[in-house]
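This is what each chain is made of:
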Amino acid sequence: TFPLGPKTPPTRVDDSVAPATGDNVSDGLDAWLQRCEANEQNVGWFYGSSHGMEAQEHVLLLQDAGRRASEPYRNTLSIDHVHRNLYKKTNKKSVVFADCCADLLEEATVSLDKVVGRTIGTIGPQELAKARNDVERLVFKLRASPYGVTVKATENGLGYFTEALLKCLDGAGAVLDPDYDWCISPETLRKSVRFAGRYGFNRSDQDMNHVDEDGHREAEPIVMMH
């Protein structure tokens, strides 16, 4: 449960949280995207934590994954799919966090049928390339581990990535900038999460070997305040 607050989205009517089934996740994504696209200056923040696997894409397993024998991957959500399709949304900037394993699923990689999960739209190669070259757009993805790796948890039961991310967003991820009073960028996020993980939890590089995408625009502010 999560208590209602003054800025709670109108879709929340009480403190309960629906199970993360495929249908519920699809409904939740639709409502979230509507809020994101309400203003092009909105920053979309997506956080996913679940069992994960790497097939054709890096996917989260939802609560009812594998329920249908004929469609074993229907109730999954591809992190790669979310990342690239956020490029075509009205809001200019988004951040995707994924705290899950990326264990290789050989059955899916050799299948002629793609691992199809829940979707937020479709985007073609040319449309994606054009959107990635738009200087006003930034969709930054930070994953807890590289492909083929199992992530590890702290004594509190949370992933090291999630605990480090919480420390980062509690203040360590924002830095003073000569052009702004403070800002959060892909560079500050990546560095502060790594710092919080390695030094705050005394973990090695192998334990906090997270991966980012779109890091070539490291200094681009995601959130900033004058």
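As the structure is a computational prediction, the values presented were derived from the model and not from experiment.

1. Observations concerning the nonpolar core
Counting residues in each nonpolar core, the largest one holds 21 residues, and the members touching the most others are Leu29, Trp32, Phe46, Leu77, Val82 and Leu86. For this core, the secondary structure elements donating two or more residues are helix H1 (22–36), helix H2 (79–85), strand S5 (93–99) and helix H4 (125–132). In terms of residues, this core owes the most to one element, H1, which gives five residues. Once you skip the residues sitting within four places of it in the chain, Leu29 turns out to touch Phe46, Leu77 and Ile120. Ranked by size, the runner-up nonpolar core spans 14 residues in total, among them Val95, Phe140, Cys168 and Leu189.

2. A few points about the sheet that holds strand S4 (residues 76–78)
Read from one edge of the open sheet, four strands run S4-S3-S2-S6, paired in mixed fashion. Only two strands of the sheet have a single neighbouring strand rather than two, namely S4 and strand S6 (103–104). Sheet topology note: the strand S3 (residues 58–61)/S4 ladder contains three bridges and is antiparallel. Following the sheet pairing, Leu61 is matched in S4 by Thr76.

3. Some words on the packing of aromatic side chains
Under the defined criterion, the tally for this structure stands at two aromatic pairs. Centroid distance Trp32 to Phe46: 6.0 Å. Interplanar angle 55°. Geometry classified as tilted. With Trp32 in helix H1 and Phe46 in strand S1 (residues 43–49), this residue pair connects regions lying 14 residues apart in the sequence. Looking at Trp32, the relative accessible area reads 12%, which means it is buried. Judged by its relative accessible area of 10%, Phe46 falls in the buried class. Aromatic pair Trp45 and Phe97: ring centres 5.7 Å apart, planes at 35°, arrangement tilted. Highlighted residues: Trp45 in strand S1 and Phe97 in strand S5, separated in sequence by 52 residues.

4. A closer look at the pattern of salt bridges
A side chain of one charge can pair with a side chain of the opposite charge when the charged atoms of the two come close. Across all of its chains, the model carries seven salt bridges by this definition. For the salt bridge of Asp23 with Arg118, the shortest nitrogen-to-oxygen distance reads 3.0 Å. Here Asp23, found in helix H1, pairs with Arg118, found in the loop between helix H3 (106–109) and H4; they are 95 residues apart in sequence, far enough to count as distant. The exposure class of Arg118 is buried, given its relative accessible area of 11%. With a shortest N-O distance of 3.9 Å, Glu127 and Lys88 are connected by a salt bridge. With a gap of 39 residues between them, Glu127 in helix H4 and Lys88 in the loop between H2 and S5 connect regions that are remote in the sequence.

5. Structural notes on the environment of Arg68
Among the structural elements, Arg68 can be located in the loop between S3 and S4. In terms of polar contacts, Arg68 uses its side chain to reach the side chain of Glu71, at 2.8 Å.

6. Here we look at the side chain of Arg137
In this structure, Arg137 sits in the loop between H4 and strand S7 (138–143). A relative accessible area of 10% means that Arg137 is categorised as buried.

Quick notes on the rules
- Numbers given for residues are sequential positions, taken from 1 along each chain in its written order.
- Reporting in this predicted model follows two pLDDT cut-offs: at least 70 for local features of residues, and 80 or more for side-chain atom pairs to be given and counted; totals over whole chains, interfaces and linings ignore these cut-offs and use all residues.
- Water and hydrogen atoms were dropped before computing side-chain values, which therefore reflect all heavy atoms in the structure.
- Take the buried residues of types Ala, Val, Leu, Ile, Met, Phe, Trp, Tyr and Cys, join any two whose side-chain atoms come within 4.5 Å, and each joined set is a nonpolar core.
- Partly exposed residues are those whose accessible area sits between 20% and 50% of the maximum for their type, while under 20% is buried and over 50% is exposed, using a 1.4 Å probe and protein chains only.
- Here a strand is any run of E in DSSP of at least two residues, a helix any run of H or I of at least four, and the numbering for each starts at the N terminus.
- The contact definition used throughout considers only heavy atoms, calling two residues in contact when any of these lie within 4.5 Å.
- Two strands are said to pair when DSSP picks up at least two bridges between them.
- Classification of ring pairs rests on two measures: the distance between centres of Phe, Tyr or Trp rings, Trp counted by its six-membered ring, which must be within 6.5 Å, and the angle between planes, read as stacked under 30 degrees, edge-to-face over 60 and tilted in between.
- Put simply, a salt bridge is a Lys or Arg side-chain nitrogen that is within 4 Å of an Asp or Glu carboxyl oxygen.
- Identification of polar contacts relies on pairs of N or O atoms within 3.5 Å, with a donor-acceptor requirement for protein atoms, meaning one able to donate a hydrogen and the other able to accept it, and with residues adjacent in sequence counted only if both atoms are side-chain atoms.

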